[in-house]
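Residues per chain, in single letters:
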Amino acid sequence: MAEGVAAGVEQLNLEDKPKQAAAAAAKGGQKKEKKSKKKGGGGDTGHPIELDPLPGYIQSRIELFDKLKSDYEAELSAKDKTPIKITLPDGKEVEGKAWETTPYNVAQGISQGLADNTVIAKVNGELWDLDRPLEGSVSLQLMKFEDEEGQQVFWHSSAHMLGEAMERHYGGCLCYGPPIDAGFFYDMFLEGRQVSSNDFTSLMQIVKKIQKDKQPFERLVMKKEDLLKMFEYNEFKMRILNQKITTPTTTVYRCGPLIDLCRGPHVRHTGKVKAMDIVKNSATYWEGKADAESLQRIYGISFPDTKQLKEWKHFQEEAAKRDHRKLGRDHELYFFHELSPGSCFFHPKGAHIYNTLINYIKSEYRKRGFQEVMSPNIYNSKLWETSGHWQHYSDNMFSFDVEKEKYALKPMNCPGHCLIYDHRPRSWRELPYRMADFGVLHRNELSGALTGLVRVRRFQQDDAHIFCMTEQITDEINGCLDFLKTVYDTLGFSFTLFLSTRPEKFMGEKETWDHAEKQLQESLDKFGMPWKLNPGDGAFYGPKIDIILLDALRRAHQCATIQLDFQLPQRFNLKYVSPDGTEKRPVMIHRAVLGSVERMIAVLTENFGGKWPFWLSPRQAMVVPVGPAVNDYAQEVKQQLFDAGFLCDVDVDAGDTMNKKIRNAQLAQYNFILVVGEKEKTNKTVNVRTRDNKVHGERDIPAVIERFRWLVDQKTIQSEESF
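First, a word on scope: everything that follows refers to the structure included in this document.

Parameters and conventions
- Residues numbered from 1 in each chain as written.
- Predicted model: local features only at pLDDT ≥ 70, side-chain atom pairs only at ≥ 80, totals over all residues.
- Heavy atoms only, no water.
- Core = buried A, V, L, I, M, F, W, Y, C linked by side-chain atoms within 4.5 Å.
- Buried < 20%, exposed > 50% of the residue type's maximum accessible area, 1.4 Å probe, protein only.
- Helix = DSSP H or I, 4+ residues; strand = E, 2+ residues; numbered from the N terminus.
- Contact = heavy atoms within 4.5 Å.
- Pairing = 2+ DSSP bridges.
- Axes fitted to C-alpha atoms, helices over the stretch in contact; angles between N-to-C directions.
- Salt bridge = Lys/Arg side-chain N within 4 Å of Asp/Glu carboxyl O.
- Expected span 1.5 Å × (residues − 1).
- Arc of directions from axis to C-beta.
- Parallel < 35°, antiparallel > 145°, perpendicular 65-115°, else oblique.
- Left-handed = near helix turned anticlockwise from the far one by under 90°.
- Phe/Tyr/Trp six-rings, centres within 6.5 Å; stacked < 30°, edge-to-face > 60°.
- Lys NZ or Arg CZ within 6 Å of the ring centre and 35° of its normal.

With that settled, the discussion passes to the nonpolar core. Ranked by size, the top nonpolar core spans 56 residues in total, and within it Tyr488 and Leu491 carry the most contacts. Tallying contributions element by element places helix H15 (residues 473-491) first for this core, with nine residues. Not counting residues up to four positions away in its chain, the partners in contact with Tyr488 are Phe493, Phe495, Ile547, Leu549, Cys559, Ala560, Val593 and Met600.

Here it is, written out as structure tokens:
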């Protein structure tokens, strides 16, 4: 498997004889499926659990692998087994032999329990199979499933197990099968059949056999010409080999009948994956390109023991109850329509949340010296060519022709802000110039990638750009980090910081990047919170600080970002006059705290489970009269609260009892229910209770309004308790 590929592909050329033979081999396996004998019941799918016989390419693949593996083992046995020293993390040294001692042997020497619980090794900082012989004296780390890299390896191995089951059930041509943040998936090109959730039972029966067989993961370095022969049946693997593999050799891994292109490493054998489940399927395109072949994708999850899988399933059930798409629909906050895919419609109550978040950020802007600007939505493509986005990002932009010129909707604000800065000469006295913009942005996301409010085509950001002098960078970055902490503390989020450095494809000079990364590192150190290095994950125009927040379910989300940019000021030839009268280049800082407001609302909806804190809540109070005789007073109370600036409703439905009305308001997540009867009418008071049925008792209306204002000003999360 060769993950992380993003290049165009050509259509199958059936006139080409080798390709015709390859296609026939792949299709042959699928045709045989229809004629095959059933190995056990296939459920309601009408298909066998396992193809019998298996596609012919599987045996051909194995025969070539076995021959080359035999040659490798002969070479290995001839290696000189010289003494080596293996240094453990605590500094202890262990004796071993080159080309013989494995990390698993070392783990066994410490304890069998450690050996059994170790997922993967790290040798001189490089991930290494537990059964792969060490080649010299090394430093060695043993990693468990609890380690992030251990999880990724575990899920990568599980993806291979899923791929094996897919080949044995469907035939077809496997494409990519990487680990992801929480689990793994495998893509397959499959003609004449669609993957269905009804297939999962059959696939899991095969997976259970794979687990029981304890198939070893075997690594083999192969020459490119041998790989082209091994995968001649699979047009997609051939594309990877011809377009992506630039070295004379690369590795494959085998487990059972599956042999796949893969960097590895993997767990020792398939029996290590004791708990696994298939969770969903979807359609996708080859390498994410809408004009390429359609593929079938199957997702899975796995753990070292069944208890963890049960806990994960329980967690998913809880998360499903909080799904922002469900809550948005049930609470009448927002919805999507097929006539505008990826663009959200906000009901009045959803718009209240949206605007309240934006107004909160605006109030912080005033305190922190940001000035709000407004910029166009449509620009000539020449702007994007100047900024470099056209060369790197045009596929993700909505573009169109106007009077024989190419225009596009803006996917980001930064080039427009450069035009605002450059509108007139600037002095050093104006810097830092902190510019903020809530302009509407559009990005041409693939329809299959659209996911509620998390991935949309139309959105707004709390987008800001700071133009400053080099010597102001540290203070400005620290100001951005303090801004971030203030907002996330208010919303109740914890977060972690990552410094993302120069990617493989980047604009500008290496020395400029090094300087920028050093400045960000100094700012992070000065800020005082722990941070981690994320090498190679910076934007193409500059390094950045990524912020990962954790919600109430301890799920990670990336919303905010702080990016240092030396490139755009250079491309737009931005300048300022320095104190000595010379012209100098400003530095640009890209900064967002909420990030996409739409995505942040999705995160907040699920974080609060629909129980919004009072200051954000679209349902702050419900007035409930005990009977029709006090309906007029209930309306009067509602109007007083509304005039004071709060969202208040009144329930005068004659068909419901008072208790039913209170319960309805609690289920609708009104923060406060204000019950009024003859006593309250006489005293000009209300009886206050919360959505969690805590009774605060009788209060006069001015006191309630004063307390409501305090809750809004303080932005208290547990507002009902604090009343």
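In this section: the sheet that holds strand E4 (residues 126-128). Within the open sheet, the five strands sit side by side as E2-E1-E5-E3-E4. Their pairing is mixed. Two strands close off the open sheet at either side, each with one partner strand: strand E2 (93-97) and E4. Averaged over all pairs of adjacent strands, the angle between their axes in this sheet comes to 40°, without regard to strand direction. Taken together, the five bridges between strand E3 (residues 118-123) and strand E5 (residues 138-144) define a ladder with antiparallel strand orientation. Within the sheet, the bridge partner assigned to Lys122 lies in E5 and is Gln141. Strands in contact with helix H3 (residues 103-110) are strand E1 (83-87), E3, E4 and E5; relative to E5, the strand with the most contacts, it is inclined by about 75°.

Turning our attention to the pairing of strand E8 (residues 183-189). Most of E8 sits inside the fold, with seven of its seven residues counted as buried. Here strand E6 (residues 173-174) runs beside E8; their pairing, made up of two bridges, is antiparallel. The partner of Cys173 across the bridge, within E8, is Phe189. Taken together, the two bridges between strand E7 (residues 179-180) and E8 define a ladder with antiparallel strand orientation. Counterpart to Ile180 in the pairing with E8 is Gly183. In sequence, E7 turns back onto E8 through a hairpin of two residues. Judged from the five bridges that link them, E8 and strand E13 (residues 294-303) form a sheet pairing that is antiparallel. Opposite Phe184, over in E13, you have Gly300 as the bridge partner.

The subject of this paragraph is the pattern of salt bridges. A full pass over the atoms with the stated rule returns 47 salt bridges. The partner of Asp260 in a salt bridge is Lys237, with the nearest N and O atoms 2.7 Å apart. Taken together, the residues span a long stretch of sequence, with Asp260 in strand E11 (residues 258-261) and Lys237 in helix H8 (residues 235-243) at a distance of 23 residues. Exposure class is identical for Asp260 and Lys237. Each is buried. Here Glu721 and Lys694 are joined by a salt bridge, their closest N and O atoms 3.1 Å apart.

For helix H2 (residues 56-77), with 22 residues, the first-to-last C-alpha span of 32 Å sits near the 32 Å given by 1.5 Å per residue. Among the residues making up H2, those that are buried are Tyr57, Ile58, Arg61, Ile62, Leu64, Phe65, Leu68, Lys69 and Leu76.

This brings us to H3. Those residues of H3 that fall on the buried side of the exposure criterion are Pro103, Tyr104, Val106 and Ala107. Along the long axis of H3, the arc covered by the buried residues comes to 160°, so they all point the same way. Tucked into the core, H3 has its buried residues touching E1, helix H4 (112-117), E3, E4 and E5.

Before going further, it helps to examine the packing of helix H5 (residues 148-170) against helix H6 (residues 200-213). Viewed as axis vectors pointing N to C, H5 and H6 meet at an angle of 125°, and their least axial separation amounts to 9 Å. Compared by their axis directions, H5 and H6 come out oblique. Our pair here, H5 against H6, has a crossing hand that is right-handed. Counting all contacts with H5, which are made through Met161, Glu164, Ala165, Met166, Arg168, His169 and Tyr170, the residues of H6 involved are Ser202, Leu203, Ile206, Val207, Lys209, Ile210 and Gln211.

Glancing now at the packing of aromatic side chains. Scanning the entire structure with this criterion turns up 30 aromatic pairs. Ring centres 6.3 Å apart and planes at 40° place the aromatic pair Phe231 and Tyr233 in the tilted group. Judged by its relative accessible area of 0%, Phe231 is buried. Tyr233 gets classed as buried once you look at its relative accessible area, which sits at 6%. Positioned above the aromatic ring of Tyr299, the side-chain terminus of Lys280 is 4.7 Å from the ring centre. One cation-aromatic arrangement involves Arg591 over Phe370; the distance from NZ or CZ to the ring centre is 5.3 Å.

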